[in-house]
Amino acid sequence: MTSPIRTVYWENDTVVFIDQRLLPGVETYVISRDYRQVAAAIKDLSIRGAPAIGVAAALGIALGAHQSQAASVTALKTDFEIICTTFSQTRPTARNLFWAIEGMKKCFCEAYAASQSQTDRDWKQALNYLKQSLITEACRICAEDIAINRQIGAYGSSLITAGDNILTHCNAGALATAGYGTALGVIRAAWEAGKRIHVYVDETRPVLQGARLTAWELVREGIPATLITDNMAGFLMKQGRIQKIIVGADRIAANGDAANKIGTYSVAVLAKAHKIPFYVAAPLSTFDGAIKTGRDIPIEERDPEEVTCCQGAILAPRGIRVYNPAFDVTPQSYITAFVTEKGLIYPPFRKTVPLLLHS
Ligand code: MRU
């Protein structure tokens, strides 16, 4: 058995993460002592995937507070707010990022109130208490993410039948989370349960999360898989080669519309045309009850160079205009079910998603 992939974690007062830009060629872990480096790593996709971004932000915020030179609780509060703002400006689409920042803010408020009520505590003790509370909370969020993914895997595995050929898009694996994965966690759980399955991996242009990362995870674990370019998926569906599709999500609106890596919408439309079940696996931290429909999900636009260049090779002439949205939104009507840590959620999503969020 291969050792589990640890994407991002806390160790000896540092944040450690695998640099995903270098995979599959080089497996390098970065040891970060500066929260700004963690924020930059989220921006440049060294750390990517919605749950991993959330976990990295929580750990990065704890790191920032830990490295703060503030000499009073009030000064630490000012530093803490600056740190949180830095993380909130890294990437706009993944709900998990904002969910994690809100969790860390709540933790700070509670620890702050507790430190104020203890009048016999000197300021150094109060600072240590606040910093330690943030580290404990970030490590809890990190460990909980892996547990949630395993739960998603257990529920999702029931959807998978031995002999299935499953298509996935982008990377919703261990690398996109603290470990194990959401969509790939379902595939992992089915495989671990002894189901003989085979995975088709969309390469996922422009940044190739499928070819570089999902394929790396599957090969590493010996799960049978075949890589295809994105434009091949429809042909394979027409040939009857795909029985199920499972993807992750970056933000899910209250009505069930789901944002995920660019290209997911095309796969969902093809799935409907070929009557193939299309599942979305995501933790509750990806759902955004405050956003009614997918129309209001902010879609990140990234550097044109991601389209004109690929792994250092120039693919297009200088001067060509480029449009590079990083995500698209799949309308809820194309989704067969959501796989969450609370179980499988079926239509009508307008009713079942709000019920899930209030359960
Ligand atoms: O731009 P990325 O690589 O961060 O996009 C990632 C995705 O779209 C994933 O499919 C999504 O975050 C789900 S990961 C469990």
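Given the structure is predicted, the values throughout are model-derived calculations rather than measurements.

What counts and what doesn't
- Residues numbered from 1 in each chain as written.
- Predicted model: local features only at pLDDT ≥ 70, side-chain atom pairs only at ≥ 80, totals over all residues.
- Heavy atoms only, no water.
- Core = buried A, V, L, I, M, F, W, Y, C linked by side-chain atoms within 4.5 Å.
- Buried < 20%, exposed > 50% of the residue type's maximum accessible area, 1.4 Å probe, protein only.
- Helix = DSSP H or I, 4+ residues; strand = E, 2+ residues; numbered from the N terminus.
- Contact = heavy atoms within 4.5 Å.
- 1 Å grid on protein atoms, 1.4 Å probe; cavity = no way out; pocket = protein on both sides within 12 Å on 5 of 7 lines; lining within 4 Å.
- Points joined across faces, edges and corners; volume = space filled by probe spheres on them.
- Domains from an automatic or database assignment.
- Pairing = 2+ DSSP bridges.
- Axes fitted to C-alpha atoms, helices over the stretch in contact; angles between N-to-C directions.
- Phe/Tyr/Trp six-rings, centres within 6.5 Å; stacked < 30°, edge-to-face > 60°.
- Buried area = accessible area lost by both parts, 1.4 Å probe.
- Salt bridge = Lys/Arg side-chain N within 4 Å of Asp/Glu carboxyl O.
- Polar contact = N/O pair within 3.5 Å; in protein donor to acceptor, adjacent residues only side chain to side chain.
- Near = heavy atom within 4 Å.
- Areas by Shrake-Rupley, 256 points an atom, 1.4 Å probe, with all protein chains shown as cover.

A. Representation of the nonpolar core within the structure. With 48 residues, the main nonpolar core has I47, L59, I61, F87, M104 and L134 as its most contacted residues. For this core, the secondary-structure elements that each account for two or more residues are β1 (8–11), β2 (14–18), α1 (35–43), α2 (50–67), α3 (73–88), α4 (95–117) and α5 (123–157). Looking at which element gives the most residues to this core, the answer is α2, with twelve residues. With sequence-adjacent residues up to four places away left out, F87 is seen in contact with Y35, V38, A39, I42, A56, A57, G60, I61, L97 and I101. If you look at the next biggest cluster of nonpolar residues, it comprises 27 residues, including A249, A258, V280 and F287.

B. Molecular detail of the layout of surface pockets. Considering only enclosed or pocket space, the largest pocket measures out at about 450 Å³ in volume. Lining the largest pocket are 23 residues; nearest its centre among them are W99, A100, G103, E144 and S285. When residues of the lining of the largest pocket are traced back to their parent elements, those giving at least two are α2, α4 and α5. Counting residues per element, the lining of the largest pocket draws most heavily on α4, at eight residues. Split by domain, the lining of the largest pocket shows at least three residues from each of two domains, domain 1 (8–151) and domain 2 (160–357).

C. Representation of the sheet that holds strand β5 (residues 198–202). Read across the open sheet, the seven strands follow the order β6-β5-β4-β7-β10-β15-β16; overall the sheet is mixed. Looking along the sheet, the strands with just one partner apiece sit at the ends: β6 (225–228) and β16 (343–345). Taken over all neighbouring pairs, the strand axes of this sheet differ in orientation by 25° on average, direction set aside. Sheet contacts for helix α9 (residues 264–273): β4 (165–168), β5, β7 (244–247) and β10 (278–281); angle to β10, the most-contacted strand, approximately 145°.

D. Representation of the packing of aromatic side chains. Overall, the coordinates contain six aromatic pairs when judged by the stated rule. Relative to F87, the ring of Y35 lies with its centre 6.2 Å away and its plane at 40°, an arrangement referred to as tilted. Pair noted here: Y35 is in helix α1 and F87 is in helix α3, with a separation of 52 residues, a long-range link. Using a relative accessible area of 7% as the deciding quantity, one classes Y35 as buried. Between the aromatic rings of F287 and F338, the centroid separation amounts to 5.5 Å while the plane-to-plane angle is 70°, which identifies the pairing as edge-to-face.

E. Expanded view of the domain arrangement of the protein. By domain assignment, the protein separates into domain 1 (8–151) and domain 2 (160–357). Each of domain 1 and domain 2 has a C-alpha centre, and the two are 27 Å apart. At the junction of the two partners, domain 1 supplies 30 residues and domain 2 supplies 33 residues. Taking both sides of the interface into account, the surface hidden between domain 1 and domain 2 amounts to around 2,700 Å²; carbon and sulfur atoms contribute 55%. Interface area lost by domain 1 to domain 2 is led by R48, T93 and R95, which between them contribute 23%. Between E300 and R91 there is a salt bridge, with the nearest N and O atoms lying 2.9 Å from each other. Counting across the domain 1 and domain 2 interface gives 17 residue pairs in polar contact (both at pLDDT 80 or more). Broken down by secondary-structure element, the contributors of at least two residues to the side of domain 1 that touches domain 2 are α2, α4 and α5. Here the side of domain 1 that touches domain 2 takes seven residues from α5, the largest share from any one element.

F. Inspection of the site of the ligand at higher detail. For the ligand, the set of nearby residues contains 17 residues, the closest of which are R48, R91, D250, N260 and K261. In this structure, an oxygen atom belonging to the ligand sits 2.8 Å away from a side-chain N or O atom of R48. Here an oxygen atom of the ligand sits 2.8 Å away from a polar atom, N or O, in the side chain of K261. Isolated, the ligand exposes 420 Å² of accessible area, and the fraction of that covered by the protein chains is 99%.

G. Structural detail: the pairing of β6. As paired elements, β5 and β6 share four bridges and run parallel to each other. Bridge pairing in β6 links D202 to I228.

H. Broad picture of unusual backbone geometry. The amide bond that connects L23 to the next residue, P24, takes the cis arrangement and shows omega of 5°. Mapped onto the elements, P24 comes out in the loop between β2 and β3 (29–32). Each neighbour pair has its own omega, and for R205 with P206 the value is 10°, a cis peptide bond. Locating P206 in the fold gives a position in the loop between β5 and α7 (209–221). With a phi angle near 45°, N12 is a residue other than glycine that sits in the positive phi range. Examined against the element boundaries, N12 turns out to sit in the loop between β1 and β2. Taking relative accessible area as the criterion, N12 reaches 69% and is therefore assigned exposed. Positive phi values are uncommon outside glycine, yet L45 reaches one of about 75°. In this structure, L45 sits in the loop between α1 and α2.

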